[in-house]
Amino acid sequence: MPTIGAFYYSDGSPAKARAPRLGARAFELRFTNGYATGIVAGPRLDCFLSYGVNLGRFSRGQWYRVPARFAAELRRLAAPLRPLRVTATALAKSR
């Protein structure tokens, strides 16, 4: 997915987003080596919380707006999967 690379590593700061409510559906984004970069959450999977990926671009505890094209691809890929939920434990993983 080239859109994930652009989101993670583009110059500048991504748009900030409101935090999804506790209990909202969420999915961890993981590299093939198992490293979880963060979670996407919300009804449209358009909010991202970093677990430590690219600390120069993302701040601890801050939710960011996922670009529409990336969010659409995430929804397509996640359709057959069982979602996680936004929990206090998930929020505590933010770095």
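Note: the structure precedes this text.
All figures in this text were calculated on a predicted structure; none of them were measured in a lab.

### Structural notes on the nonpolar core
- Of all hydrophobic cores here, the largest spans 15 residues; its most connected members are F7, V40, F48 and V66.
- At the level of elements, helix 1 (2-9), strand 1 (25-30) and helix 2 (68-78) are the ones that each hand at least two residues to this core.
- The greatest single-element share of this core, amounting to four residues, is contributed by helix 2.
- Residues within four places of V40 in sequence aside, it is in contact with R25, A26, F27, L29, L45, C47, F48, V66 and L74.
- Judged by nonpolar contacts, the second largest core, of twelve residues, contains A17, I39, C47 and A90.

### As for the packing of aromatic side chains
- This structure, assessed with the given rule, holds ten aromatic pairs.
- Ring geometry for F7 against F48: centres 5.4 Å apart, planes inclined by 85°, an arrangement best described as edge-to-face. Taken together, the residues F7 in helix 1 and F48 in strand 3 (residues 47-50) connect sequence positions 41 residues apart. Like F7, the residue F48 is buried in the burial classification.
- A connected cluster of aromatic rings, assembled from ring pairs, spans F7, Y8, Y9, F48, F58, Y64 and F70.

### Observations concerning the pairing of strand 3
- The alternating pattern of strand 3 places C47 and L49 on one face and F48 and S50 on the opposite face, and all of these are buried.
- Sheet analysis places strand 2 (residues 36-41) next to strand 3, joined by four bridges and oriented antiparallel. Looking at strand 3, one finds that A41 is bridged to C47.
- Taking the residues that link successive antiparallel strands as the turn, the strand 2-strand 3 hairpin has five residues, and the phi of G42 there is positive, at about 100°.

What counts, and where the lines are drawn
Residues numbered from 1 in each chain as written. Predicted model: local features only at pLDDT ≥ 70, side-chain atom pairs only at ≥ 80, totals over all residues. Heavy atoms only, no water. Core = buried A, V, L, I, M, F, W, Y, C linked by side-chain atoms within 4.5 Å. Buried < 20%, exposed > 50% of the residue type's maximum accessible area, 1.4 Å probe, protein only. Helix = DSSP H or I, 4+ residues; strand = E, 2+ residues; numbered from the N terminus. Contact = heavy atoms within 4.5 Å. Phe/Tyr/Trp six-rings, centres within 6.5 Å; stacked < 30°, edge-to-face > 60°. Pairing = 2+ DSSP bridges.

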